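Structural overview
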Amino acid sequence: MFAVTILGNNSAIPTLDRHPTAQIVTCDEQLLLVDCGEGTQLRIAQYRIKRSKIRYIFISHLHGDHYFGLIGLLNTLSLMGRTEPLSVYAPPELEPIIQLQLDCSGTQLHYELSFVPLQPGYSGIILEDKELTVRCFPTQHRISCFGFSFTMQKKKRKLIPEQARAYEIPAAYYGKLQEGADYVRKDGTIVKNDWVTLPPAKGKRYVYCADTIYDTGLLPMLQDADLVYHETTYLHDLETRAAERYHSTTVQAASLAAAAAAKRLLIGHFSSKYTDLQPFLEETRPVFAATDIAEEGVTYYV
Ligand SMILES: [Zn+2]
């Protein structure tokens, strides 16, 4: 399973029904938390997400609506008895911020917490774990900010059971076949791996663009993505304000998704001044039809 669950889709100020940015990316058994706005741990409880399964946390930038929930979550994980290590990928300034909060409260976490600093402007692979690869890339925002690209690539080859049976390969050897091994019969003759397996299915990709001004420089990263999350803090009429604040509008996000030939677009990070989100769809869909509002509590399959 490869999916993203929205925990918060609002910007800046939390409202009673929309919360600051946070998402859970599910990659089979593994959960990744992307940004951690205020109250994220309540959303995790509300949507019955297994917090113990979160192994990696990615913080795009240090505006409060993307990380003010982190210290609370880290503390709760310890109180709940976590012992498995946890890694946080974030701008380097986050580590002393968290450390100060732990020190001042005399809090000792009962698990190993490690920080992986993302230096300004860095672009490249930051994590490769089993079937998952995570890349980060800089976005143009008021402070150093990163987007994250998640690729899930099955590494195992696909077994063709009827072929394997036809060549009389014992079932106990099927695992080896999926890893690409040939089979050597007792008489020394060889059954080539590609006679009985197919290449792994093509990988899928989810790209999270964090906060950003309209930037065609993102296109190479978004090209052909299966699912793109792009912020639409404002509707189209506030294009000037969006640019001044290094944010984007509906039409801008949809144009990028269309230009990148992405398959689907999720929009979020809505300004708190909007109570009705329907106009966001009315403005994006004519430009890029496969657009959805990133609804809190909803899981979108990549
Ligand atoms: Zn921001």
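Residues numbered from 1 in each chain as written. Predicted model: local features only at pLDDT ≥ 70, side-chain atom pairs only at ≥ 80, totals over all residues. Heavy atoms only, no water.

1. Digging into the overall build of the protein chain
Across its full length, the protein chain holds ten helices and 18 strands. The C-alpha extent of the protein chain, read off along each of the three principal axes, is 75 × 55 × 35 Å. Sequence separation of 24 or more characterises 64% of the internal contacts of the protein chain that already satisfy a separation of 6 or more. In the protein chain, the 30 positive side-chain charges and the 34 negative ones have mean positions that sit 8 Å from each other. (Helix = DSSP H or I, 4+ residues; strand = E, 2+ residues; numbered from the N terminus. Contact = heavy atoms within 4.5 Å. Lys, Arg positive; Asp, Glu negative; His and termini not counted. Charge placed at Lys NZ, Arg CZ, Asp CG, Glu CD.)

2. What to know about the sheet that holds strand β5 (residues 86-90)
Pairing is mixed across the open sheet formed by seven strands, whose spatial order is β6-β5-β4-β3-β2-β1-β18. Two strands lie at the open edges of the sheet, namely β6 (113-117) and β18 (299-301), each paired on one side alone. Ignoring which end each strand starts from, the neighbouring axes of this sheet average 20 degrees apart. Sheet topology places strand β1 (residues 2-8) next to strand β2 (residues 22-27); six bridges connect them, and they run antiparallel. For Thr5, the partnering residue across the bridge sits in β2 and is Ile24. In this fold helix α3 (residues 94-104) packs onto β5 and β6, with an angle of close to 155 degrees to the strand it touches most, β6. (Pairing = 2+ DSSP bridges. Axes fitted to C-alpha atoms, helices over the stretch in contact; angles between N-to-C directions.)

3. Re the coordination of the zinc ion
In this structure, His61 (NE2), His63 (ND1), His141 (NE2) and Asp211 (OD) serve as the protein donors to the zinc ion, at separations of 2.2 to 2.3 Å. For the zinc ion, the four donor atoms are set out with angles of 87 to 179 degrees between them, so the coordination reads as irregular. Mapped onto the sequence, the donors of the zinc ion take the spacing H-x1-H-x77-H-x69-D. On the accessibility criterion, His61 (0% relative accessible area) is buried. Judged by its relative accessible area of 18%, His63 is buried. (Donors = N, O, S within 2.8 Å, 3.2 Å for Na, K, Ca; no water. Tetrahedral: all angles 85-135°; square planar, octahedral: opposite > 155°, others 65-115°. Buried < 20%, exposed > 50% of the residue type's maximum accessible area, 1.4 Å probe, protein only.)

4. Section: the packing of helix α2 (residues 70-79) against α3
Interhelical geometry of α2 versus α3 gives an angle of 55 degrees and a closest axis separation of 11 Å. The pairing of α2 with α3 is recorded here as oblique in orientation. The two elements α2 and α3 meet at a crossing, and its hand is right-handed. Counted together, Leu70, Ile71 and Leu74 of α2 and Leu94, Ile98, Gln101 and Leu102 of α3 form the full contact between these two elements. Considered class by class, the residues forming the contact of α2 with α3 number six nonpolar, one polar and no charged. (Parallel < 35°, antiparallel > 145°, perpendicular 65-115°, else oblique. Left-handed = near helix turned anticlockwise from the far one by under 90°. Nonpolar A, V, L, I, M, F, W, Y, C, P; charged D, E, K, R; others polar.)

5. Focus on the state of the cysteines
According to the stated counting rule, one finds zero disulfides in the structure shown. The thiol of Cys27 is not disulfide-bonded; the next cysteine sulfur, from Cys136, is found 18 Å away. Take Cys27: its relative accessible area is 6%, and that puts it in the buried class. No disulfide involves Cys36; its sulfur sits 15 Å from the nearest other cysteine sulfur, which is in Cys145. By relative accessible area, Cys36 is classed as buried at 0%. (Disulfide = S-S within 2.5 Å.)

6. Structural notes on the UniProt feature "active site" (unreviewed entry) in the protein chain
Using the residue numbers shown here, the UniProt feature "active site" (unreviewed entry) corresponds to Asp65. As for its position among the elements, Asp65 is in the loop between β4 (54-58) and α2. Setting aside residues no more than four positions away along its own chain, Asp65 makes contact with Ser11, Ala12, Pro20, Thr21, Gly37 and His269. (UniProt positions renumbered as here; feature names shortened; annotations may be inferred.)

7. Observations concerning the pairing of strand β15 (residues 227-231)
In the case of a regular strand, side chains alternate between the two sheet surfaces. With respect to burial, β15 is a largely interior element, five of its five residues being buried. Residue alternation in β15 divides its side chains into two sets, Leu227, Tyr229 and Glu231 and Val228 and His230, and both sets are buried. Examined bridge by bridge, strand β14 (residues 204-208) and β15 share three bridges and lie parallel to one another. The residue of β15 that forms the bridge with Tyr208 is Tyr229. Judged from the four bridges that link them, β15 and strand β16 (residues 265-268) form a sheet pairing that is parallel. Bridging across to β16, Glu231 finds its partner in Gly268.

8. A few points about the environment of Glu112
Relative to the helices and strands, Glu112 resides in the loop between α3 and β6. Along the chain, Glu112 and Pro85 lie 27 residues apart, while their C-alpha atoms are 4.5 Å from each other.

9. With respect to the pattern of salt bridges
Between side chains of opposite charge, pairing is possible as soon as their charged atoms come close. Summed over all chains, the structure comprises five salt bridges. Residues Lys53 and Glu29 are paired through a salt bridge, measuring 3.0 Å at the closest nitrogen-oxygen approach. Of this pair, Lys53 sits in the loop between α1 (40-46) and β4 while Glu29 is found in the loop between β2 and β3 (30-36), placing the two residues 24 residues apart along the sequence. Across the salt bridge formed by Glu131 and Lys154, the nearest N and O atoms sit 3.7 Å from each other. Of this pair, Glu131 sits in the loop between β7 (124-129) and β8 (132-139) while Lys154 sits in the loop between β9 (145-152) and β10 (158-159), and the two are 23 residues apart along the sequence. If you follow the salt bridges from partner to partner, you end up with Asp28, Glu131 and Lys154 in one network. (Salt bridge = Lys/Arg side-chain N within 4 Å of Asp/Glu carboxyl O.)

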